[in-house]
Every structure is written in structure tokens, then in C-alpha cells.
Amino acid sequence: MNFSSKLLENAVSEFGRLPGVGQKTALRLVLHLLKQSDAEVLRFTSAINHLKEEIQYCRICFNISDFQECEICTSSKRDHSIICVVEDTRDVMAIENTNSYQGSYHVLGGLISPMDGVGPSDLKIDGLVERMRKQDIKEVILALSATMEGDTTIFYLYRKLKEFNVQVTTIARGIAFGGELEYVDELTLGRSIATRTLYERPTL
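Source: prediction; values computed, not measured.

A.B. asks: Help me understand the packing of aromatic side chains in this model?
C.D. replies: Centre distance and the angle of the planes are the two values used to describe a pair of aromatic rings. Applying the stated rule across the entire model yields one aromatic pair. Both rings, one in Tyr101 and one in Tyr105, keep their centres 5.2 Å apart while their planes meet at 65°; by these two values the pair is edge-to-face. For the residue pair Tyr101 and Tyr105, the accessibility class agrees, reading buried in each case.

Written as C-alpha cells, this is what we have:
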């Protein structure tokens, strides 16, 4: 793509680094911003700067938060004896949108994937184990994507949780293998949470 301006080219290049944004989409976004007023562009850039500078991660569940402890972890309306383990914040948002779950969460920050160099120590697994020791937890729901990485992570977590007197469940597999939670419709995801089943260790 030929650019009439180096400044335009640089801006398009940066937008193109965003996931799912191709060069044509990046160009369309940059040209849109150029048409906006200085105040609107400043509001946009300020929001990004404040996000990067001030965003926090809940010290309990590791969800993205404005404070040291997120609203879910501090809510008296939630059942804190149940922990739903998810891959990232997008999954928390997806489950919350179903309005069918009132427990707490634990965000791993990824999935075990040896091919990508991601091991258990790269995830917030130790934080989950610490919560198990400090809190009165009755159930852990492993709500991870139906992928090879998701199943590997579920199996690893099940082994880590064996020492605790806790019920370990997984969401019902109304979700096709290879599916990621953030792309599942709310009705299917809500039913998968509601009809969760006890995790059965696979035979080796």
C-alpha cells in the first residue's frame, strides 16, 4: 500500500498491530481519526493513556479492575465459596453477560501451551492454590475453552486441586471442541454453566 505521508503510514502501521486489524481497516480507522476534532482525538488518546497507566489487576482473582480488589470480589451478593476459573477477562465478561452465575472468579491469564512456551508457572495457578488454602471454597468450576490447551490446563488444575476437599466441575460441553468462550452465544454459555458436571479424570 502506497502512502502519501510517512506520518499516515506510521499511524496505520501501529493500528495494524492490533489483533484482527488488517491494513485496510487500520487505514480506515486512522482516516476517521483525522476527521475528528482535536478535542475528540484528545479524549481518545487520553482514554488509552489512562488505561495503560492506571489499570490494575485484582489482587484476589486477577481480573482487570480499577482498584486493588475488583467489584465482584468485594460484593456481598456473590457466593465466594464458588470459584469459576477462566482464561482471561473476556471470559469473565462473557459469563457475566449470561446473568446465570453469582459466584467468584479466578483469571489464569492464559492456558498451558508447551508449543507456545507457556507453562504452569506463567499462569496465576499459585494464586488459585493460595485462595484454596485461605478461603472456605466448596466448588471450583473449570470454565476453560474446549481446546487441546484448555483440556491440558483442566487436567493440570485437577491434579493441583486434589489435595483440597472441594468439588471440581467443568462446564457442560454444549460448546463444540475448539470453541472459545468469548465467541459462544449467551444462552449456550449460560446453560453450560448451569448444567456443569463433575470433572472426571481421563484414563491414561
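Here the narrative resumes, following the displayed structure.
A.B. asks: How do you make sense of the nonpolar core when you look at a structure like this?
C.D. replies: Considering soluble globular proteins, one finds that nonpolar side chains tend to be buried as a cluster. Core analysis: the biggest nonpolar cluster contains 23 residues, and Val85, Met132, Val140, Leu142, Leu157, Val166 and Val168 have the highest contact counts within it. Elements with a minimum of two residues in this core: β3 (79–86), α6 (125–134), β5 (139–142) and α7 (148–161). Looking at this core, the element that brings in the most residues is α7, giving five residues.

A.B. asks: Is there a simple way to explain the packing of α6 against α7 in this structure?
C.D. replies: Two quantities define a packed helix pair, namely the angle between the helix axes and the distance between the axes. Relative orientation of the contacting elements α6 and α7 amounts to 35°, with a least axis distance of 11 Å. The interaxial crossing formed by α6 with α7 has right-handed handedness. Judged by residue contacts, Ile125, Leu128, Val129 and Met132 of α6 engage Tyr156, Leu157, Lys160 and Leu161 from α7. Tallied by class, the residues present in the contact of α6 with α7 amount to seven nonpolar, no polar and one charged.

A.B. asks: Explain the state of the cysteines to me, please; I cannot follow it from the model alone.
C.D. replies: What the rule picks out here adds up to zero disulfides. No disulfide involves Cys58; its nearest neighbouring cysteine sulfur is the one of Cys61, lying 3.8 Å away. The class of Cys58 is buried, set by a relative accessible area of 0%. With no disulfide of its own, Cys70 lies closest to Cys61 among cysteine sulfurs, the gap being 3.7 Å. When its relative accessible area of 4% is taken as the criterion, Cys70 is described as buried.

A.B. asks: Looking at this structure, how should I read the pairing of strand β6 (residues 167–170)?
C.D. replies: A regular strand carries its side chains on alternate faces of the sheet. Where β5 and β6 come together, four bridges link them in parallel fashion. Following the sheet pairing, Glu139 is matched in β6 by Gln167. For the segment spanning β5, α7 and β6, crossover handedness is right-handed.

A.B. asks: Quick question: what am I supposed to make of the pattern of salt bridges here?
C.D. replies: Side-chain pairs of opposite charge can arise where the charged atoms are in close proximity. On inspection of all chains with the given rule, the structure shows six salt bridges. Among the salt bridges present, the one from Arg17 reaches Glu14, with a minimum N-O distance of 3.3 Å. Judged by relative accessible area, Arg17 falls into the exposed class, the value being 61%.

A.B. asks: Sorry if this is basic, but what is going on with the side chain of Asp91 here?
C.D. replies: By secondary structure assignment, the location of Asp91 is in helix α5 (residues 89–96). At 5.9 Å, Arg90 is the nearest oppositely charged side chain to Asp91, a buried residue that forms no salt bridge. Here the side chain of Asp91 touches Glu87 through a polar contact of 3.3 Å, landing on its backbone nitrogen.

Rules behind the numbers
Residues numbered from 1 in each chain as written. Predicted model: local features only at pLDDT ≥ 70, side-chain atom pairs only at ≥ 80, totals over all residues. Heavy atoms only, no water. Phe/Tyr/Trp six-rings, centres within 6.5 Å; stacked < 30°, edge-to-face > 60°. Buried < 20%, exposed > 50% of the residue type's maximum accessible area, 1.4 Å probe, protein only. Core = buried A, V, L, I, M, F, W, Y, C linked by side-chain atoms within 4.5 Å. Helix = DSSP H or I, 4+ residues; strand = E, 2+ residues; numbered from the N terminus. Axes fitted to C-alpha atoms, helices over the stretch in contact; angles between N-to-C directions. Left-handed = near helix turned anticlockwise from the far one by under 90°. Contact = heavy atoms within 4.5 Å. Nonpolar A, V, L, I, M, F, W, Y, C, P; charged D, E, K, R; others polar. Disulfide = S-S within 2.5 Å. Pairing = 2+ DSSP bridges. Right-handed = clockwise from strand over helix to strand, strands pointing away. Salt bridge = Lys/Arg side-chain N within 4 Å of Asp/Glu carboxyl O. Lys, Arg positive; Asp, Glu negative; His and termini not counted. Polar contact = N/O pair within 3.5 Å; in protein donor to acceptor, adjacent residues only side chain to side chain.

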